[in-house]
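# Commentary on secondary and tertiary structure
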Amino acid sequence: MLRLEQRPQPSKTMLYITPILAVLATMVLGGALFLAMGINPFDAIYLLFIDPFTDSYNLSQLFVKASPLILIAMGLSIGFRAGVWNIGAEGQFIMGAISGGAVGLALWGSTGWWILPLMAVAAALGGALWAMIPAVLKIRFNANEILVSLMLVYVAENLLAQMVQGVLRNPEGMGFPESRNLARNEPTALPDVFDPLGIDAGGVVMLVLLAAAFFLLQKHAMGFQIKLTGESPRAARFAGVKPGVIIAVCLGISGAAAGLAGLFELTGAAGKLTIDFPVGYGFTAIIVAFLGRLNPVGILLAGVVLAGTYIGGENAQFALKLPAAAVTVFQGMMLFFLLGFEILINYRVRRVVR
Amino acid sequence: MKFTKTLAAAAAMGFALTGVANADSHGETVQAGFIYVGPVGDLGWSYQHDQGRQAVEAEFGDMVETSFVESVPEGADAERVMSQMARSGVDIIFTTSFGYMDPTIAAAESFPDVRFEHATGYKRVENVSTYSARFYEGRYVIGEIAGAMTKSNKIGYIASFPIPEVVRGINAAYLAAKSVNPDVEFKVVWVYTWFDPGKEADAANALIEQGVDVIMQHTDSPAAMTIAEEKGIYAFGQATDMSNFGPTAQLTAIIDDWNPYYIERVKAVMDGTWESTDTWHGIADGMVAFAPMSDAMPADVAARAEATIAAIAAGEFHPFTGPLNKQDGSVWLAEGEVADDGTLAGMNFYVEGVDGELPN
């Protein structure tokens, strides 16, 4: 019979092999599911996993979808490393879009290269300030940041609804609750940088910030303090790390990143603020952060793979008449296997003879 | 790594072999794509559009091929789905929710040879048509029924988003209810979603706690109907016949019948006569239809409903006929004046007598 046995050291090899194992297991089991539904499993798996990376149009859309996920996940991962659980990135994403969008709408009609950067600063501030609410409540009253940040998502959603029906509503929009289209107005539109790959200015900022996060965690004293707080809060306290500072920094960084992602989504792919502007990037990014093992490079890969299955899933729906629910089951399967196989990092399978 | 590459190659080969059959499916057949905001199993709005898609298949058989993508969010994702559908070689795409308006226009600019049909919007270009139904005619009919059937004189209304389409429905239903029952009162709950059975059920429960005994809805799931059945009050089916969920609760239902329109538009593509149009059909053209009147309705109530349906269909009666004031008391329509389509299309005010403020 088989038995699990704890490894003396977590296995480095397994750390990198398990994601690949998870993808393969998903392909096999997902393929069986598709076969049972009367759909050619090779077609389906090709469309879900390979087509998004080979076709030039799909590739350009891949980064449009992956960029906000990676940017938010990058911010969240820093907090998660320190044991600061910001679950409300979706709210900070919305607040960033509202703050940055409001600046762009207030300057409607003006021109200048400085407008978009100003909007980005406003968005980062908006997101960071929204994240400061759980930070302050945690530091002052030890309120649980998971609950506070999550509840603030719903507050942000309602604020967005108020804004697009009120002050930010398009005066030429026939009363429909939506703002003007910022992506169709030169000074507020996010410029493309490398069109064939769908990398726009937001994607470039994302890559730069990802590199900065890598530097912060690997080389900077603050990164060391963050990691130490996560691994051993008591040791961190003895080493003179102020927990309040760590909480504020972590929530501030993740809020600012989510806010920026909101602005890039607004001035790029979405164009305008509407009631259903948020589509859950803030929540999906939590998955991306953990899939990527809270590591900047891992997050980049995880964001691209997850975005790929979304895009492939849409294509598979109309090309193979695959129901949307089957695609969701498939994505769920991948996460399940990923988390399940994680046990192989700390344990190994031994055959025991009785 | 080598192993995954081999697998990728194997998968690619599998696709190549079967892909041939897919690739030559063009030629004489017309391909029609549909994009839905909810799941086809919502048993409401998206379900009814999918009935239209199936009607197209049934009508044209082998001459047409249809495909759809369900649960497409109304934001940035919509344009990608439309573009990918257009790239796959479809001839006409029906985008069936208001929020797809700008994405539809943008996709239409990128794919000038593909024809687009956008439901409930107001922006058109050379290859984008718009179409909608005069649901307010249906709302007027069920408003009359609700006004007659309520005992508590409180009617609940589950509203989605404060857009003209929804506001128009509330106004029409209120005017109708008031015309048969001067004491009637409307309680409107805004849920800010088209499809969320959980929220819709919560809204229904909240309304019932406030003493409501008839519920109307402008959301897509049968959740409220289920609650109405449980609590022994009345409700109306939305978009489709929901009597399965409320065999005693459903008084009637407004049915969105897209079938004739979809068949007509696909036919136009086949004949090469398609051009950009704006269609707003009502009871007269059959786009707005009704489920059978429930036996719970007294004969005079049902007869009045049938008479109203006939009068609207014949063009003898318009739900928005003056004298009518806006909620703030200002005059909207003078005696005998009928609302023009432009004002109706952009309606962002309540009529006099509706309680509460439009979210603003």
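About the cut-offs
- Residues numbered from 1 in each chain as written.
- Chains lettered and ligands numbered in written order.
- Predicted model: local features only at pLDDT ≥ 70, side-chain atom pairs only at ≥ 80, totals over all residues.
- Helix = DSSP H or I, 4+ residues; strand = E, 2+ residues; numbered from the N terminus.
- Rg over C-alpha atoms; globule rule 2.2 N^0.38 Å.
- Buried ≥ 20, exposed ≤ 12 C-beta atoms within 10 Å, placed from the backbone.
- Contact = placed C-beta atoms within 7 Å.
- Nonpolar A, V, L, I, M, F, W, Y, C, P; charged D, E, K, R; others polar.
- Pairing = 2+ DSSP bridges.
- Right-handed = clockwise from strand over helix to strand, strands pointing away.
- Axes fitted to C-alpha atoms, helices over the stretch in contact; angles between N-to-C directions.
- Domains from an automatic or database assignment.
- Parallel < 35°, antiparallel > 145°, perpendicular 65-115°, else oblique.
- Left-handed = near helix turned anticlockwise from the far one by under 90°.
- Core = buried A, V, L, I, M, F, W, Y, C linked by C-beta atoms within 7 Å.

## Focus: the overall build of chain B
Broken down by element type, chain B carries eleven helices and 14 strands. A globule of 360 residues ought to have a C-alpha radius of gyration of about 21 Å, and chain B, at 22 Å, matches this closely. Dimensions of chain B, computed from C-alpha atoms along their principal axes, come out at roughly 75 × 45 × 40 Å. Across the 360 residues of chain B, 51% fall into the buried class. Long-range contacts, defined here as pairs at least 24 residues apart, represent 64% of the contacts in chain B between residues at least 6 apart.

## Overview of the interface of chain A and chain B
Listed per partner, the contact involves 33 residues of chain A and 37 residues of chain B. Elements represented by at least two residues in the side of chain A that touches chain B include exactly helix H2 (41-54), helix H3 (56-81), helix H6 (145-165), helix H10 (243-270) and helix H12 (296-320) of chain A. Taken together, the residues of the side of chain A that touches chain B sort by class into 18 nonpolar, ten polar and five charged.

## A word on the pairing of strand S4 (residues 115-119) of chain B
Regular strands have side chains that alternate between both faces of the sheet. Residues and elements named next belong to chain B. Counting buried residues along S4, five of its five residues qualify, which places the element largely inside the surrounding structure. Burial along S4 is two-sided: Arg115, Glu117 and Ala119 and Phe116 and His118, pointing in opposite directions, are all buried. Judged from the four bridges that link them, strand S3 (residues 92-95) and S4 form a sheet pairing that is parallel. Its bridge partner being in S4, isoleucine 93 is matched across the sheet by phenylalanine 116. For the segment spanning S3, helix H4 (residues 101-110) and S4, crossover handedness is right-handed.

## Concerning the sheet that holds strand S6 (residues 154-159) of chain B
Residue and element names in this part refer to chain B. Spatially, S7-S6-S8-S9-S10-S12 is the arrangement adopted by the six strands of the open sheet, whose pairing is mixed. Of all the strands in the sheet, just strand S7 (185-190) and strand S12 (288-290) have a single pairing partner and so form its edges. Put simply, the sheet's adjacent strands are angled 20° from each other on average, direction ignored. Pairing of S6 with strand S8 (residues 214-217), which is carried by four bridges, proceeds in the parallel orientation. The residue bridging tyrosine 157 from the neighbouring strand is methionine 216, located in S8. Contacting S6, S7 and S8, helix H6 (residues 164-180) runs over the sheet at an angle of about 170° to S6. Against the sheet, helix H8 (residues 223-231) makes contact with S6, S8, strand S9 (234-239) and strand S10 (250-256), and its axis sits at roughly 160° relative to S9, the strand it touches most.

## Observations concerning the domain arrangement of chain A
All names here are of chain A. For chain A, the domain assignment lists domain 1 (1-39 + 325-354) and domain 2 (65-321). Here the C-alpha centre of domain 2 lies 31 Å away from the C-alpha centre of domain 1. Taken together, the contact pairs five residues of domain 1 with seven residues of domain 2. A per-class count over the side of domain 1 that touches domain 2 returns four nonpolar, one polar and no charged.

## Focus: the environment of A:Pro8
Along the polypeptide, A:Pro8 turns up in the loop between strand S1 (2-6) and helix H1 (12-36). Judged by local crowding, A:Pro8 falls into the exposed class, with 5 C-beta atoms found within 10 Å.

## A short note on the pairing of strand S5 (residues 128-133) of chain B
All names here are of chain B. Counting buried residues in S5 gives six out of six residues, a clear majority hidden from the surface. Residue alternation in S5 divides its side chains into two sets, Val128, Thr130 and Ser132 and Ser129, Tyr131 and Ala133, and both sets are buried. Examined bridge by bridge, S5 and strand S11 (residues 278-281) share four bridges and lie parallel to one another. Bridging across to S11, tyrosine 131 finds its partner in threonine 279.

## Observations concerning the packing of helix H4 (residues 89-106) of chain A against helix H11 (residues 281-291) of chain A
Residues and elements named next belong to chain A. For the pair H4 and H11, the least separation of the axes is 6 Å and the interaxial angle reads 130°. By the criterion of interaxial angle, the relationship of H4 to H11 is oblique. Note that H4 runs across H11; the crossing there is right-handed. Between H4 and H11, the contacting residues are Ala89, Glu90 and Phe93 on the first element and Tyr281, Gly282, Phe283 and Ala285 on the second. A per-class count over the contact of H4 with H11 returns five nonpolar, one polar and one charged.

## Observations regarding the domain arrangement of chain B
Many descriptions give the size of an interface as the accessible area lost when the pieces come together. All names here are of chain B. Domain assignment breaks chain B into domain 1 (29-134 + 258-281) and domain 2 (135-256 + 287-345). Summarising the inter-unit geometry, the C-alpha centres of domain 1 and domain 2 are found 28 Å apart. Contacts between domain 1 and domain 2 engage 18 residues on the former and 19 residues on the latter. For the side of domain 1 that touches domain 2, the secondary structure elements donating two or more residues are helix H2 (45-60) and S11. Examining the composition of the side of domain 1 that touches domain 2, we find that four residues originate from one element, H2, more than from any other. When its residues are assigned to classes, the side of domain 1 that touches domain 2 shows ten nonpolar, six polar and two charged.

## Regarding the sheet that holds S4(B)
Taken in spatial order, the six strands make up an open sheet running S2-S1-S3-S4-S5-S11 (chain B), and their pairing is parallel. Across the chains shown, the open sheet's two edge strands, defined by having one partner strand only, are strand S2 (64-69) and S11 of chain B. On average, each strand axis in the sheet is tilted by 15° relative to the strand beside it, whichever way the strands run. The sheet contacts of H12(A) involve strand S1 (30-35) and S2 of chain B, and relative to S2(B) the element is tilted by about 155°.

## A word on H8(B)
Helical periodicity: at 3.6 residues per turn, an α-helix aligns residues three or four positions apart in one direction. All names here are of chain B. In terms of burial, H8 is a largely internal element, seven of the nine residues being buried. Residues of H8 that are buried in the fold lie against S6, helix H7 (197-209), S8, S9 and S10. Just downstream of H8 lies glycine 232, where phi reads positive at about 70°.

## Remarks on unusual backbone geometry
Residues and elements named next belong to chain B. The omega torsion across glycine 322 and proline 323 is 5°, close enough to zero to call that bond cis. Of note, proline 323 is situated in the loop between helix H10 (299-313) and strand S13 (324-325). Unlike most non-glycine residues, alanine 239 shows phi in positive territory, near 75°. Residue classification places alanine 239 among the buried positions, given that 28 C-beta atoms sit within 10 Å.

## A few points about the nonpolar core
Ranked by size, the top nonpolar core spans 213 residues in total, and within it A:Ile70, A:Ile72, A:Leu260 and B:Ile215 carry the most contacts. With 16 residues, the single largest contributor to this core is H10(A). Discounting chain neighbours no more than four positions away, the residues touching A:Leu260 are A:Leu71, A:Gly96, A:Ala120, A:Ala123, A:Ala124, A:Gly127 and A:Val205.

## Some thoughts on the environment of B:Val191
All names here are of chain B. Along the polypeptide, valine 191 turns up in the loop between S7 and H7. In the structure, valine 191 is positioned 30 residues away from phenylalanine 161 in sequence and 7.3 Å away in space, judged by C-alpha atoms. Ignoring any residue separated from it by four or fewer positions in sequence, one finds valine 191 in contact with Ile158, Ser160, Asp196, Lys199, Glu200, Ala203 and Thr219.

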